[in-house]
Amino acid sequence: MENAPQRRDSPTSHLRASDQNRDQVAALLGEALSTGQLSHEEYSERLDSLYQAKTVGELEVLTHDLQVEQHRPAVSPASHAAGASAISYAPSESTEPDNVVAIFGGAERKGRWRVRRQTKALAVFGGIKFDLSEAVFEAKEVEITVNAIFGGAEIILPEGVEVRCQGVGVFGGYDVHNSPDTDPSAPVIVIKGMALFGGVSGRFRHRRDR
């Protein structure tokens, strides 16, 4: 592997790697690719090594030389009993981002799920769908970073939210626009990331669509 990182053992290095461990590392590698820390060749090589890894230590070596947030979140949607309002808030339960990965497959968040302050998504030859129309937001402003590499993502937005799209398309595109009818009390959703030979789209779900 070109510029291969060196092995550094930790107390958990000997443990067998789970699918969740692999998904988290895949998200970190996608972030490193989008920020220019890895070339496309290096990313591809590390992704190959990722799915051959058997232990946590073999996974750790793939990211320890990168400037990324080395979080290990427990990814699970959280429910919240709210009133009839289409947009709800709940106190923050974690400062760690929610990592969503779809590699040669799909991933979806919908219904009454908790949107953390930061969500990081990676779609490689796969698709991701975020339906925020009934979601519970942990903060007034949330950030969703989507890196789509030969893949795609669809984001369904509730009425009234302000959308700030900062995504970049490289032989791909970001088709996410703000609504002219924003509610000052509604969340601000910042959408970032890169679409490389892929696409990220966003649309508003109106009440009549429910």
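Here the structure is a predicted model, which is why all the values come from computation and not from measurement.

Trainee: Please give an account of the packing of helix α1 (residues 19-34) against helix α2 (residues 40-50) that cites residues and values.
Mentor: Direction vectors running N to C along α1 and α2 enclose 175°, while the axes themselves pass 10 Å from each other. Put simply, α1 runs roughly antiparallel to α2. Along its contact with α1, which presents Arg-22, Val-25, Ala-26, Leu-29, Gly-30 and Leu-33, the element α2 presents His-40, Tyr-43, Arg-46, Leu-47 and Leu-50. Taken together, the residues of the contact of α1 with α2 break down into seven nonpolar, two polar and two charged.

Trainee: Explain unusual backbone geometry to me, and be specific about the residues and the numbers.
Mentor: Non-glycine residue Phe-104 carries a positive phi angle of around 55°. Here Phe-104 is to be found in the loop between β2 (98-103) and β3 (106-109). Notably, Phe-125 is not glycine yet its phi reads approximately 50°, a positive angle. You can see Phe-125 is positioned in the loop between β5 (118-124) and β6 (127-131).

Criteria and cut-off values
- Residues numbered from 1 in each chain as written.
- Predicted model: local features only at pLDDT ≥ 70, side-chain atom pairs only at ≥ 80, totals over all residues.
- Heavy atoms only, no water.
- Axes fitted to C-alpha atoms, helices over the stretch in contact; angles between N-to-C directions.
- Helix = DSSP H or I, 4+ residues; strand = E, 2+ residues; numbered from the N terminus.
- Parallel < 35°, antiparallel > 145°, perpendicular 65-115°, else oblique.
- Contact = heavy atoms within 4.5 Å.
- Nonpolar A, V, L, I, M, F, W, Y, C, P; charged D, E, K, R; others polar.

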